[in-house]
Amino acid sequence: ASKQAQLMEVLKKEVRAMLIAAKAGLTPEQLEEQYVAMVCKPLPLRDLGFKSTLELVTQMPEVVRVCSSKNGTLILKAIADDSTKGIAKLVANQKVKTRTKAWKKTAMKANAASPTKNSKTPLSFPLSARTPILPATVKAELRDLLSSSPLLLMDLDKAFLRRFGRAFQYRQYGFLSMSEALRSVSDFIVVEQTKAGSLLVLRKSLTNEIEQEEVPQGEAQEEEAPQGEAEEEEMPQGEAEEEEVPQGEAQEEEMPQGDAQEEGMLQGEAQEEEMPQEEELQGFEQFSLTPEIPPDAVQDRSLCSLPPLKRRCLVGVIVEFIVSPSQFYIHICSRETSYKLQDLMFEMRHVYSHKVASDKYIMPESAVRPGQLCCVMVSKWWYRVVIHRVISDQEVEVFCADYGHLQVVRKSWLRFLKWHYLKLPAQAIPCSLAWVKPVEGTWSSAATLLFKHLCRFKELVGIVDEYVNGVLYLFLCDTSTKEDVYFHTVLKDMGYADVCGENIPSQ
């Protein structure tokens, strides 16, 4: 009974934090979904003896108010207590749609929020508005979808679902309509009006770039025809083998035996080639040690980091992955970096989707070790990862260098990373919220849950404080409200954090 009471008290805090962060409230189904998304486990209904979410919240009359919408849908809204009334008021003042703000006001607030000892340091203002944006992965998916042929707007949902196995959920990224989401990618998608309806077309300049990018270092041009991806799926394997070895020119320069190169490109002869090589080329140490590893495969290199940001500058950021307010990862929002990551993911997908090329970069067991930089396929996309730990004979845990999260994957999904994909620095920046520490010594689940809701699917203003041991400490500010909301202040007002005026080294 005491464990149930403790669990109920923790759950009340978590539910209140989630509902306060949702201005319009949540349906019981949305509460269930968001709880799983934030806490990574379902609501503990059975543990508390409840049969439904509605039954649970009716036992929290001091936390949840059950309302009915115009169409009869039940909506759950938070009842603020003394410590959360200020936060509830701030959320209530949020506008439905993000508005453009004058950066002078934000700069003044940033100056006030950050330390004063370097008050003469000039502030920079790289952004001009706070608008919803699509993640780089989703942009790359849209490019991929339209790279073969234009698509009618009315068919976009079905085509996206069929191609990627999920709906194009633009609302979760902060957009109010499909047209608004498409306007945000007008730099590479053109909407043309035809008799059949609105037609989505990839910009011609971008189509040409894609054809060139997919042959990054003088690879076979035949492979990259506009319908290349469809062709590679339909083409008989015997015809596709020769062109499915991307960046083969690296072998011509680095492999001392030209005959071995030709044999290595033929899938059926690869295994036959390795044994005679060891007998005939005993004097060549590189062949006897790792004859199966391509010369352009990354073996002992790591990705470089993005250059450090200047102290007290303002940057637009997207929070990509959160462990706690003291441990999270961000992307810097800029057109240049967004394009580079999109281009990288698009190119990696196209190259590694070729079976012969993909098989060529399979990692032997000896290479699957902690610290190894490689790539892995998840949901048809390839990500640059570092092996974090080996879990079993079948699975490893990897760290995604461009998004900041850990994930368990099968060893068979791993591939060597090509040298060409080392150029772009790791895009995920490890961060910690400046000047705060948890009141209880460690961050409570309710505090982390609230922080996740404050950050979720928004472009925020980051105010750089300092770097400590490679971790960026910054203040986060949401400027999409009538009053700018500083997250360290929110956590303090909620009773989750103390503002300490210094940065505690992050884990």
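Every chain begins its residue count from 1, and numbering advances along the sequence as written. Local features in this predicted model are restricted to residues of pLDDT 70 or higher, and side-chain atom pairs are both shown and tallied only at a pLDDT of 80 or more, whereas totals for entire chains, interfaces and linings draw on every residue. As a rule here, side-chain values cover all heavy atoms of the structure and leave hydrogens and water aside.

### Some words on the overall build of the chain
- Helix and strand assignments come from DSSP, with helices taken as H or I runs of at least 4 residues and strands as E runs of at least 2, each series counted from the N terminus. For the chain, the count of helices and strands is 20 helices and 18 strands.
- Expressed as a percentage of its 507 residues, the buried residues of the chain come to 48%.
- We call two residues contacting when some pair of their heavy atoms lies within 4.5 Å. Nonlocal contacts in the chain, meaning residues at least 24 apart in sequence, comprise 68% of its contacts between residues at least 6 apart.
- Under the convention used here, a 1.4 Å probe and the Shrake-Rupley method define accessible areas, while residue burial counts only the protein chains that appear. Total accessible area on the chain is roughly 25,500 Å²; 51% of this is exposed by carbon and sulfur atoms. Each residue is placed in one exposure class: buried if its accessible area under a 1.4 Å probe, protein chains only, is under 20% of its type's maximum, exposed if it is over 50%, and partly exposed if it falls in between.

### Observations regarding the packing of helix H7 (residues 136-146) against helix H8 (residues 156-164)
- Simply put, an axis is a line fit to the C-alpha atoms, just over the touching stretch for a helix, and the angle between two N-to-C directions goes from 0 to 180 degrees. Their axes nearest at 11 Å, the elements H7 and H8 cross at an angle of 100°. Comparing their axes, H8 and H7 come out roughly perpendicular. Here H7 contributes Glu141, Leu142, Asp144 and Leu145 to the contact with H8, which in turn contributes Leu156, Ala159, Phe160, Arg163 and Phe164.
- Three classes are used, and their members are as follows: Ala, Val, Leu, Ile, Met, Phe, Trp, Tyr, Cys and Pro are nonpolar, Asp, Glu, Lys and Arg are charged, and the others, Gly among them, are polar. Its residues assigned to classes, the contact of H7 with H8 shows six nonpolar, no polar and three charged. Note on terminology: angles under 35 degrees are roughly parallel, angles over 145 are roughly antiparallel, angles of 65 to 115 are roughly perpendicular, and the others are oblique.

### Quick notes on unusual backbone geometry
- The residue Trp435 is not glycine, and still its phi comes out positive at about 70°.
- Mapping Trp435 onto the fold places it in the loop between strand S13 (429-433) and strand S14 (436-438).
- In this structure Trp435 comes out as buried when scored by relative accessible area, which is 18%.
- The phi dihedral of Asn469 is positive, around 55°, even though this residue is not glycine.
- Here Asn469 lies in the loop between strand S15 (460-468) and strand S16 (471-478).

### With respect to helix H1 (residues 2-21)
- What a helix is expected to span follows from its residue count: subtract one and scale by 1.5 Å. Between the first and last C-alpha of H1 there are 29 Å, a value that for 20 residues agrees with the 28 Å anticipated at 1.5 Å per step.
- When we look at burial in H1, the residues that qualify are Met8, Leu11, Lys12, Glu14, Val15, Arg16, Ala17, Met18, Leu19 and Ile20.

### Quick look at the pairing of strand S5 (residues 197-202)
- By the criterion of burial, S5 is predominantly enclosed, with five of the six residues buried.
- For two strands to pair, DSSP has to find at least two bridges joining them. As paired elements, strand S3 (residues 151-152) and S5 share two bridges and run antiparallel to each other. Directly across from Leu151, in S5, lies its bridge partner Leu200.
- Where strand S4 (residues 189-194) meets S5, six bridges bridge the pair, whose relative direction is antiparallel. Pairing of Thr194 across the sheet is with Gly197, part of S5.

### Concerning the pairing of S13
- Of all five residues that make up S13, four are buried, and the element is covered over most of its length.
- Sheet topology note: the strand S7 (residues 327-332)/S13 ladder contains three bridges and is antiparallel. Across the sheet, residue Tyr329 finds its bridge partner in S13, namely Pro430.
- With three bridges joining them, S13 and S16 adopt parallel strand pairing. Across the sheet, the residue bridging to Cys431 is Leu472, located in S16.

### Side note on the nonpolar core
- Each nonpolar core is a collection of buried residues, namely Ala, Val, Leu, Ile, Met, Phe, Trp, Tyr and Cys, held together in the definition by side-chain atoms within 4.5 Å. Within the largest apolar cluster, 61 residues are counted, with the highest numbers of intra-cluster contacts made by Leu156, Phe168, Leu414 and Leu417.
- Elements represented by at least two residues in this core include exactly H7, H8, helix H9 (178-183), S5, helix H17 (335-352), strand S8 (373-378), strand S9 (381-390) and strand S10 (395-400).
- Ignoring any residue separated from it by four or fewer positions in sequence, one finds Phe168 in contact with Leu134, Val138, Leu142, Leu156, Asp157, Phe160, Met178 and Ala181.
- By size, the runner-up hydrophobic cluster in this structure holds 31 residues, among which are Val319, Leu454, Val490 and Leu491.

### Thoughts on the packing of aromatic side chains
- In summary, the pairing rule links any two rings of Phe, Tyr or Trp, Trp by its six-membered ring, whose centres are within 6.5 Å, and it sorts them by plane angle into stacked for under 30 degrees, edge-to-face for over 60 and tilted for everything else. Counted by the stated rule, this structure contains 11 aromatic pairs.
- For the ring pair Phe160 and Phe168, a centre distance of 5.3 Å and an interplane angle of 35° mean the geometry is tilted. Each member of the pair, Phe160 as well as Phe168, is classed as buried.
- Seen from their ring centres, Tyr329 and Phe399 are 5.5 Å apart, and the 55° between their planes marks the pair as tilted.

### Focus: the pattern of salt bridges
- Salt bridge, as used here, is a side-chain nitrogen of Lys or Arg placed within 4 Å of a carboxyl oxygen of Asp or Glu. Going through the model one piece at a time under the given rule, you end up with 13 salt bridges.
- A salt bridge links Arg349 to Asp144; the shortest N-O distance between them is 3.2 Å. Placement of Arg349 in helix H17 and of Asp144 in helix H7 is noted, with a sequence separation of 205 residues between them. Each member of the pair, Arg349 as well as Asp144, carries the same accessibility label: buried.
- Lys458 is the salt-bridge partner of Asp478, the closest N and O atoms lying 3.0 Å from each other.

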